Amino acid sequence: MLEHKIAVIAGDGIGPEVIAEGVKVLNAVAEIDGGFSFDFTHYPWGCEYYLENGAMMPQDGMEQLAKADAVFLGAVGAPGVPDHISLWDLLLKIRKGFDQYVNLRPVKLLKGAPCPLADVAPEEINMTFVRENSEGEYAGSGSWLYKGKPNEVVIQDGVFSRVGCERIIRYAFEVAREQKRSLTSISKGNALNYSMVFWDQIFAEVSEEYPDVPTHSYLVDAASMFMVKDPKRFEVVVTSNLFGDILTDLGAAIAGGMGLAAGANLNPEKKFPSMFEPIHGSAPDIAGEQKANPLATVWSASQMLEFLGHKDWADRLIEIIEEILTEKCVLTPDLGGTAKTSDVGDEVVRKLKGV
Ligand code: NAD
Ligand code: IPM
Ligand code: MN
């Protein structure tokens, strides 16, 4: 029988709570299907591990993960450990080490999901964000000079390579062509006179290869405004690492909240495992209370199923999320309900089983 090897990093805060539901749902899918199974390996890496071992993962951590078909990650970050250490040594290490240069984040208002925007029809919020995920503002290059002295200076470089820009923009054009929708590039060439001018130039170059795909180009400040005022302008969107990070939290806010926002970190060439995770963080303000919404994690599980070749099950999970949102009987507090995290996972399984 087909077996998918999944490395599970539940991580910190609400990570373990939401991942437990994701694993529950994936196991139920495999059991009902009968044609494939999951072999989950759980890695106890994260901030507690760091406080005990002085590292976020063991030295051979990446080699251990490399054996998996995919990584399923909850969230990383806890108050006792500096964020730049916990994130750089675990989440960003995996994204970069496995060259997961595509971060695919749907910003879609599902049926029944709440939306804070006035005068916007639900179907008008339906975007696919293609966020550059390997370089740009997150290249990790820079320096800290004269630390602690009056003339202290820090420099954080943005690194935009031709290969890096071309591959993400080309990937986004392929998505737009497949979806038969427009592609919008979001940049900031008026102020970032090297990186974003280069980005815009490469977007124009690559667009020559895709005459069938309508294109638009926005500055990031105007794009933020239009995402709120007129979101239907955006269909497939390609943008840099930092802009994509910020705009997809904004996207989450207009499409049901952080509890519904999913993301896939893809190495399209499949040379390395890809990683699936909700886009929210460890939410220390609600951790350990069974208040976290696991539906973002279920949506990322759906992305994982599609990536592993089970499109029918991926679609079924989205339908079930919409049923749950529409019925409004089993919802966590962020969506106005009183259900526990595990109740929502149980409800997904109940619907999968049709009982
Ligand atoms: P956050 O996403 O953890 O939380 C922002 C707000 O959204 C909080 O009020 C939280 O309660 C709420 N929220 C988030 N997920 C929710 C869910 N599933 N259900 C209900 N409510 C939810 O962002 P933050 O507070 O800025 O960051 C907290 C920590 O997480 C920091 O250490 C940060 O670096 C880290 N972080 C990690 C990831 C990741 O691992 N992918 C992503 C973002 C932030
Ligand atoms: C996300 C997160 C990460 C990012 C952080 C935790 C490094 O905010 O996945 O959106 O900025 O990519
Ligand atoms: Mn983010």
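One numbering rule holds for all chains: residues counted from 1, following each sequence as written. Chains carry letters from A onward and ligands carry numbers from 1 onward, assigned in written order. Per-residue local features of the predicted model are confined to residues with pLDDT of at least 70, and side-chain atom pairs are confined, for both listing and counting, to 80 or more; whole-chain, interface and lining totals are unaffected and use all residues. The side-chain values count all of the structure's non-hydrogen atoms but skip hydrogen atoms and water molecules.

Trainee: Explain the site of ligand 1 residue by residue, including any values.
Mentor: What surrounds ligand 1 is a group of 21 residues, the closest being Val76, Asp83, Gly281, Ala283 and Asp285. In this structure, histidine 280 approaches ligand 1 through a side-chain N or O atom, which is 3.2 Å from a nitrogen atom. Any N or O atom pair separated by 3.5 Å or less is treated as a polar contact, with the protein-specific requirement of one donor-capable and one acceptor-capable atom, and with residues adjacent in sequence counted only for side-chain atom pairs. The backbone of serine 282 places a nitrogen or oxygen atom 3.1 Å from an oxygen atom of ligand 1. Every accessible area reported is derived by Shrake-Rupley at a probe size of 1.4 Å, with residue values counting cover from the shown protein chains alone. Out of a free accessible area of 810 Å², ligand 1 has 71% covered by protein chains. Residues are grouped as follows: nonpolar covers Ala, Val, Leu, Ile, Met, Phe, Trp, Tyr, Cys and Pro; charged covers Asp, Glu, Lys and Arg; every other residue, Gly included, is treated as polar. Here the residues of the shell around ligand 1 sort into 11 nonpolar, six polar and four charged. Being near a molecule or strand, for a residue, means having at least one of its heavy atoms within 4 Å of it.

Trainee: How would you sum up the environment of valine 220? Please name residues and give values.
Mentor: Its location among the elements puts valine 220 in helix H7 (residues 220-229). Between buried and exposed lies partly exposed: a residue is buried under 20% and exposed over 50% of the maximum accessible area for its type, with that area taken using a 1.4 Å probe on protein chains only. A relative accessible area of 14% means that valine 220 is categorised as buried. The criterion used for residue contact is that any of the two residues' heavy atoms lie within 4.5 Å. Beyond its immediate stretch of four places on either side in the chain, valine 220 contacts Ile186, Ser187, Lys188, Phe243 and Leu247. Under the DSSP-based scheme used, a helix requires at least four consecutive residues in state H or I and a strand at least two consecutive residues in state E, with every element numbered from the N terminus.

Trainee: Quick rundown of the domain arrangement of the protein? Include the residues and the values.
Mentor: For the purposes of this description, domain bounds are those given by an automatic or database domain assignment. Domain parsing of the protein yields domain 1 (1-110 + 259-355) and domain 2 (115-255). Domain 1 puts 21 residues into the contact, and the matching count from domain 2 is 26 residues. As a working definition, buried area equals the accessible area (1.4 Å probe) given up by two parts on being put together, with both sides summed. Each partner contributes to the roughly 2000 Å² buried at the junction of domain 1 and domain 2, and carbon and sulfur atoms together form 58% of this total. Considering only the side of domain 1, the residues that lose the most area to domain 2 are Tyr101, Val107 and Leu109, jointly responsible for 37% of the buried surface there. In what follows, salt bridge is the name for a side-chain nitrogen of Lys or Arg lying within 4 Å of a carboxyl oxygen of Asp or Glu. Summed over the shared surface of domain 1 and domain 2, the result is one salt bridge. As a salt-bridge pair, arginine 167 and aspartate 99 come within 3.0 Å of each other at their nearest N and O atoms. Looking at the side of domain 1 that touches domain 2, the elements with two or more residues in it are helix H4 (83-97), strand S4 (102-108) and strand S11 (262-266). Among the elements that take part in the side of domain 1 that touches domain 2, S4 stands out by supplying seven residues, more than any other. In terms of residue class, the side of domain 1 that touches domain 2 is made up of 13 nonpolar, three polar and five charged.

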